[in-house]
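# Topology and contacts: notes
Read off the chains here:
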Amino acid sequence: MCGICGFYNDGREGLLNDMCEALARGGPDDRGTFTSGPAGLGMSRLEIIGVHTGRRPVSNEDAAVTVVFDGEIYNFRELRRELEKKGHRFRTKADAEVIAHLYEDLGYGCVEKLRGIFALAVWDGATLFVARDRLGVKPLYYTWVKDQFYFASELKSLLVCPAVDRAVDSEALDDYLTFGYVAAPKTLFKGVYKLPAGHWLKICRNGAWVNRYWELPQPVSEGRLFGNRAREEVAALLQEAVRTRTLAAVPLGALLSGGLDSSLIVALLAQSCAEPVKTFHITFAGEEGEATFARQVAAEFGCDHHELEAVPEDLTAIPQVIWHLAEPVADAAAWATYLISRYAKQYVTVLLNGEGGDEVFAGYPRYLLSRLADSYHRFPKFFRKVFADVVGKVSERRDASRFWHNTAKLANSAPTPWERNVAWLSIFAEAERYALYADDFGAAVNGGHAAKLYEEYFKNSPGRSPIKRLMTADIKTSLVDGVMLKVDKASMAAGVEARVPLLDHVLVEYVTRLGDRDRFGWGVPKKLLKNLARELLPRHIIRRPKRAFVVPVEKWLRRYARDWVYDTVASSQALARGYFKPAAVGALLKDYFEEGVGGRKVWNLFCLELWHQQFVDGYVPSGFKCRPPRCVISS
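Residues numbered from 1 in each chain as written. Predicted model: local features only at pLDDT ≥ 70, side-chain atom pairs only at ≥ 80, totals over all residues. Heavy atoms only, no water.

## As for the pattern of salt bridges
Summed over all chains, the structure comprises 31 salt bridges. The salt bridge partner of K194 is D481, with a shortest N-O separation of 3.4 Å. Of this pair, K194 sits in strand β10 (residues 192-194) while D481 sits in helix α19 (residues 466-492), and the two are 287 residues apart along the sequence. Of the two residues, K194 and D481, neither departs from the other in class, the shared state being buried. Among the ionic pairs, K590 bridges to E594, the shortest N-O distance being 3.1 Å. Placement of both K590 and E594 in helix α27 (residues 582-595) is noted, with a separation of 4 residues, approximately one turn of the helix. Exposure remark for K590: the relative accessible area of 48% places this residue in the partly exposed category. (Salt bridge = Lys/Arg side-chain N within 4 Å of Asp/Glu carboxyl O. Helix = DSSP H or I, 4+ residues; strand = E, 2+ residues; numbered from the N terminus. Buried < 20%, exposed > 50% of the residue type's maximum accessible area, 1.4 Å probe, protein only.)

## As for the nonpolar core
Membership of the largest hydrophobic core comes to 93 residues, with the highest contact counts inside it found for I318, W335 and L557. L557 has contacts with L315, I318, R562, W564, V565, Y592, W603 and F606, leaving out every residue within four places of it along the chain. Listed in part, the 77 residues of the second largest apolar core include A131, Y213, I475 and L529. (Core = buried A, V, L, I, M, F, W, Y, C linked by side-chain atoms within 4.5 Å. Contact = heavy atoms within 4.5 Å.)

## Focus on the sheet that holds strand β6 (residues 116-123)
Ordered in space as β4-β5-β6-β7-β11-β12, the 6 strands form an open sheet in which the pairing is antiparallel. At either margin of the open sheet sits one strand with a lone partner, and together these are β4 (58-59) and β12 (207-212). Where β6 and strand β7 (residues 128-132) come together, 5 bridges link them in antiparallel fashion. Within the sheet, the bridge partner assigned to V122 lies in β7 and is F129. (Pairing = 2+ DSSP bridges.)

## Here's the deal with the pairing of strand β15 (residues 304-310)
Bridge count for strand β14 (residues 278-284) against β15 is 7 bridges, and the pairing is parallel. Bridge pairing links I282 to L308 in β15. Each parallel crossover has a hand, and for β14 linked through helix α8 (residues 291-300) to β15 it is right-handed. (Right-handed = clockwise from strand over helix to strand, strands pointing away.)

Shown next as structure tokens:
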């Protein structure tokens, strides 16, 4: 696991060293640079495979091809054997060297042979080639300054370049307020971009090109039912995905929430490991969680189980999390991931997790709700209006159950699947955003980019099934730019590599080819995973209702750190940025502190302002020197 950086058409080796210095937190074990002609490559490495032998950058036999890369290639041993049969000679045992020899043989097609997670850069003496893994587990950023090109796996590394402007992109800010993240290719910085997942970029004297090298495949048949065959194939592929992710020269373990996805990973991991699996779970003081389920699974498989209890004082780590993310992600789970990764680092360097299961195997309840909404919108308009009025009144009661809240969502849903999912996923709806914006800023914002991108992915998705199209849109937006960014950067900040078996691209391709009936059943989320889990997991784990991973940040900030939240979100400095109307911000805070509503909105603005303080105002210098403000604990 590394941080990587570089440039084309610059040539300042001192700048390259500074860019590497900004990566040091993500890769503290080794550092190296390479310059040749107009190109420069740099890396900062955390040793996982090929410890003491995998120094980077690495080259092929005659040094014609030089590589830096961040991530892990799980099939590198098989690729190495194939290359050695062709006469290639290797000097190290690391996976990075395989990329150099593979590029020598296949050029840009080398990425299609790689099975793993990666952000990489190759210099062959004439062309700089950069690429990102198929499902975007590893991030990669780039920018142009006139005719100079810069790239890095961390935004902080790009910001070291004096010529990079820190102007905020108003359209990207509108996207962030919508979903709590900024979807690729944009970032919050104007002119700084994320290379989309499954894409590569090349640059040479003749110009630059961006190309998509991977796409989710077309379904074999929308209605065909594979049944037992699908279960057996998925079981074999998942077992292989877990097994290949146990390759490491350092201790490894797994995050265990107690839910289906992480429990299944632990069950398969226990089959692959000779020693008890080290598992890790986070609880929150005074809050009801899933610790009981996690303990039951750990006991079932004889795991070496560890629990961390987060307390309100841990809120002081929030600015550290923002610093490591480098782009705000309004998902409180980022804070929890950082805390548990920092705790797990005492025992392991690699952590497997169950992320991706909901997107790949249709686990979100809103997929079923969207299917029901398709049927609901076939009823006459008069009936729908009366039904919505009645349900709305019931759902507004304080004692209304989740059933009535979900029914109200259905009754008031938009007519198309992509529109209603955008509405259900949004933190601030479009009308709420423009009511919040200051007049001048609102007039200048060309909003709705995030919703349009979601619509584009939905409409261009392979297959005709609405659920499959929603899953594709989720994979290309929230999974990559929200979930994976959060998991990778929060764990990397603690010096831990996160591995994601459920996002093995071979597994994802197979599952994507299946029809809805195999993945979703007759309204049964994760039907396929549940079927194969019957032979591995206790019945009560499989059958228990799905519960979201609840992180009480909004509740704790309201209870214990009111002054900090208010002095951040409503400070004269924050309001002077000109984005928001002071009265609208004040109303949000009043509702949050007095009524306990709108917590996600306040958390969104809180993260945004902390990000501005660090990355726009420059409160935090290069390198990790962030000193978070004291968390005000009040009664």
